[in-house]
Structures are given as structure tokens and as C-alpha cells.
Amino acid sequence: MRRTVFNEDHEAFRRTIRDFIAAEVVPHYPQWAEQGYVPKDFYKKLGELGVFGIEVPEEYGGAGETSFKYNAVITEECARAGVSFGGSGVHTALCLPYLLKYGSEEQKKRWLPAFVSGEMMTAIAMTEPGTGSDLAGMKTTAKLSEDGTHYILNGAKTFITGGVQADRVLVCARTAAPDPADRRGGISILVVDARSEGYAVGRKLEKLGLRSSDTAELSFTDVKVPVEDLLGEEGKAFSYLTHNLPQERLGIALGAYAMSAAAVRFAHEYVKERTVFGKEVASFQNTKFVLADCQSDVDALQAVVDRALEALDAGELTPADAASAKLFTTETAARVIDKCLQLHGGYGYMLEYPIANLYADTRVSRIYGGTSEVMRSIVAKSMGL
Ligand SMILES: Cc1cc2nc3c(=O)[nH]c(=O)nc-3n(C[C@H](O)[C@H](O)[C@H](O)COP(=O)(O)OP(=O)(O)OC[C@H]3O[C@@H](n4cnc5c(N)ncnc54)[C@H](O)[C@@H]3O)c2cc1C
């Protein structure tokens, strides 16, 4: 079926990204996966290429695009090549919307030029060792100093993507005690400088997949955060998260679609090459049926993400729409990628084959950005249940 979401500009951008991946990522990727992070210089290259500035207004050094479709192109091209850009997806797809929507003019002038160039990499820290799905239960506190010039930040975060290398982290913290009548109130976002005294990066966590992105524990001990680094209004973080999570979830849904499409391609290539009992694996009826099922799943996934992408660009993607898209795509991707791995036999289990990485990488998509169970709760609530 002809795809209608992308125009000529998106396709030209796709060619640029594809060439860039072939030249600047593929040759180095095994080493990045081995060491568990991409080098900081690579982020500067992405900055030079204009990847970080796509949606940043021109006055701050960006291209001023308002569409999320360029991000979708990057996600698709990375999956196609079996690589990732480390924590850069968090930088652009998760952190930037907060800076653009809730940052003051002064903050945008101060932060965005370095954001665009890749000199200031960002991460977002919501999850804590004791709480992930139930964000209102967070314990990290930010207490306003007596003279009102700064907050004093104390607490710990975990599973923070890009956390090892981030220069500034959007930290969600309690600026007021929880009110039993409104547990979600009293949480604020501080854009914390990673060089601050008392700010510490703990372990770089060893993960099952997504091996080229650094995931870290962070801790804060009496970190002084100037009031100028409060993002938006005090106590409003939960409504900001509710507003921005649909885009994060669509980004994950896009990844699930793109990884499924890549898995079918890898399996298709493999079964044409591999012979068993003197025949191509592709010649077995089972192989044809399995790949046909997977392809029709990929077609359905594409329809869902494309519709959601249009809705996001039109400002119409609701939290329930995004939850439904994330739930369907990530659960389907798990089945598709598993079947494609099975067609590889033992080679599918070897990390030198891209299908093995896809299998490991996709697992987390049912967990982060909100688990499948949380997505089901959101969809059920929207059904009045
Ligand atoms: C690789 C990776 C990268 C991440 N990156 C970031 C990041 O950059 N920033 C960040 O802030 N966080 C990040 N996270 C955290 C992620 O968003 C959380 O792991 C996720 O939200 C789940 O929280 P939890 O791990 O505390 O699980 P828990 O909330 O403890 O959940 C445990 C189980 O309980 C289930 N459960 C929870 N609530 C309900 C319910 N109401 N009904 C039924 N079942 C329920 C869950 O579905 C799950 O099965 C990342 C996680 C990973 C693994």
C-alpha cells in the first residue's frame, strides 16, 4: 500500500539519514554496543547534521519544523540498519517538548543553542528505585531555600536513559508534600546541571538490550538548583507529563513498528540464503505462512502508527489514543520479532545477527514509557471502565 504520511522533504531527509548511518554509525556500532554508550563526539555530529534542531525554532538555531515525522524517519532508518543513536531519542523526542512548551524566553535563549549543537545533552528523570508506574509516589524533594534563590534537591533516580552522559537533566521532584486529596500535585521539574555539587552518577546499568544507550542511576545530595532552572510553574509537573507522554508513547510505538518491519526484512533475506535438507528455508510452507502473517501484522502496525502520527501533528492525539497505539504495536512487535528470530534457527540467537539485537531491544518497549498494564488501565478508563 502506498504510504501517505511522508512528503518529498521527509524522503530527502530519509536519504540523508540513511547515508549518514552507513558512513558514521554502522562501522562503529559493534564497539558502541560493547562499551554501552555512544561517544559524545557522535552527538556533536548529529548536532552538525541538524538532527537536534529540527523542531527548535529558528531564533534558537533550529529549523523550526513542527512535525514529529522527521523523528519518525530517524526511528525507521535506525531500525532498518539495526543501530541506534544512543540517548539522542530522549534528547529530542522526550526532553525538547518540555523545554519548548514550558521554558521561559530566558531559558530557551540560554539552553537551546547548545541543545541544537549537541554540546548540551539532556535526559529526563522521573523513575525512582521505589516508584516507576506510580509516579505520584516519588520521594525526591526540592525545597526552596530561605532566601528564595535556589532549591535544595535530595533523592535518587534510576533507569535514566542518557544519564551517564547528560549535561542537564529534567528532574521531577516534590516541591510540596503530597496532598491525600491530590497525590499528583506538588511535583515540579528542575533542569539540573550535571556539574552541580552533590549531583552524582551512580552505576551505568547493564541491560538485556539497547546496549548502545547509557542507562544510569542518579543521586542528589543537597544539590543547589537556582530558581532560574525551574521549568514552568511549581507543582504543575504532573499535568506537563500528561501532556507530553502521548508523544513519548507514539515514539515507542514507531520504534515497535520499525523494528518489526526490519525483522521481517532480515528474516526474508535469511530464509532465502539458508538451506536445510537441501532446500531453501524459504521453500517450506511454514516459512511462507509465518512471514505472510508477520507482513500483515507489519501492515497493521504501519496503519496504526501513521494514523497516530497524523493525529499528533494535528494536536489531536489523546493520552488514550497514544496508550492504545503503544499497547498494540509493542505487544504485536514482540510476537513478530520472535517469529522472525525462530526462522533464523540458532543463528537468530547470536548477537552478530541483527535479529537477536531486535529481539533484545524490543522487550523494553512493553515496559518503559509506561508498562502494557498501565496502557491497558488508561484505555480501559477511556472506555468508562
Ligand atoms: C531501559 C530503560 C530505560 C528507561 N529510561 C527511563 C528514563 O529515561 N527516564 C525515566 O524516568 N524512566 C526511565 N525508565 C523507567 C521506566 O519508565 C519504568 O521502568 C516503567 O515506567 C515501569 O516502572 P517500574 O520499573 O518501577 O515498574 P513497577 O511500576 O514496579 O511495575 C512492576 C509491575 O507491576 C505492574 N503494575 C504497575 N501498576 C499496575 C497497575 N495499576 N495494574 C496492574 N499492574 C500494574 C507493572 O505493569 C509491572 O508489570 C526506563 C526503564 C528502562 C528499563
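Keep in mind the model is a prediction, meaning the values are calculated, not measured.

Draft legend 1. Quick look at the environment of Gly137. Relative to the elements of secondary structure, Gly137 occurs in the loop between β1 (122–125) and β2 (141–144). Residues Gly137 and Ala79, 58 residues apart in the sequence, show an inter-C-alpha distance of 35 Å. Setting aside its immediate chain neighbours within four residues, Gly137 contacts Thr131 and Arg183.

Draft legend 2. The UniProt feature "domain: Acyl-CoA dehydrogenase/oxidase N-terminal" (unreviewed entry) in the protein, seen in detail. Sequence positions flagged by UniProt for "domain: Acyl-CoA dehydrogenase/oxidase N-terminal" (unreviewed entry) are, in local numbering, residues 7–119. With 67% helix and 0% strand, residues 7–119 has its two end C-alpha atoms placed 31 Å apart.

Draft legend 3. Region of the structure containing the packing of aromatic side chains. Summed over all chains, the structure comprises 14 aromatic pairs. Summarising the aromatic geometry, the rings of Trp32 and Phe42 are spaced 4.7 Å apart at their centres and angled 55° between planes, so their arrangement reads as tilted. Taken together, the residues span a long stretch of sequence, with Trp32 in helix α2 (residues 29–35) and Phe42 in helix α3 (residues 40–49) at a distance of 10 residues. Exposure class is identical for Trp32 and Phe42. Each is buried. Here Tyr270 and Tyr353 contribute two aromatic rings whose centre-to-centre distance is 6.2 Å and whose plane-to-plane angle is 85°, an arrangement assigned as edge-to-face. Linking Tyr270 in helix α7 (residues 237–273) with Tyr353 in the loop between α9 (319–342) and α10 (354–363), this pair joins segments that are 83 residues apart in sequence. Of note, Arg14 hangs over the ring of Phe6, and the distance from its end group to the ring centre comes to 5.1 Å. The ring of Phe266 is capped by Arg265, whose NZ or CZ atom sits 5.3 Å from the centre of that ring.

Cut-off values and rules
- Each chain carries its own residue numbering, running from 1 in the written order of its sequence.
- Restriction of local features to residues with pLDDT of at least 70 applies here, the model being predicted, together with a cutoff of 80 or more for giving and counting side-chain atom pairs; totals for whole chains, interfaces and linings are based on all residues.
- The side-chain figures draw on all heavy atoms in the structure; neither hydrogens nor water molecules are used.
- Put simply, DSSP marks the helices as runs of H or I at least four residues long and the strands as runs of E at least two long, and each gets a number from the N terminus on.
- In what follows, residue pairs with any heavy atoms lying within 4.5 Å of each other are defined as contacts.
- UniProt positions are given in the numbering used here, feature names are shortened, and annotations may be inferred rather than shown by experiment.
- Pairing of aromatic rings covers Phe, Tyr and Trp, the last counted by its six-membered ring, and requires centre-to-centre distances within 6.5 Å; plane angles under 30 degrees mean stacked, over 60 mean edge-to-face, and any other angle means tilted.
- For each residue, the accessible area found with a 1.4 Å probe, counting protein chains only, is set against the maximum for its type, and the residue is called buried under 20%, exposed over 50%, and partly exposed in between.
- In this scheme, Lys NZ or Arg CZ marks a charge over a ring once it lies within 6 Å of the ring centre and within 35 degrees of the ring normal.

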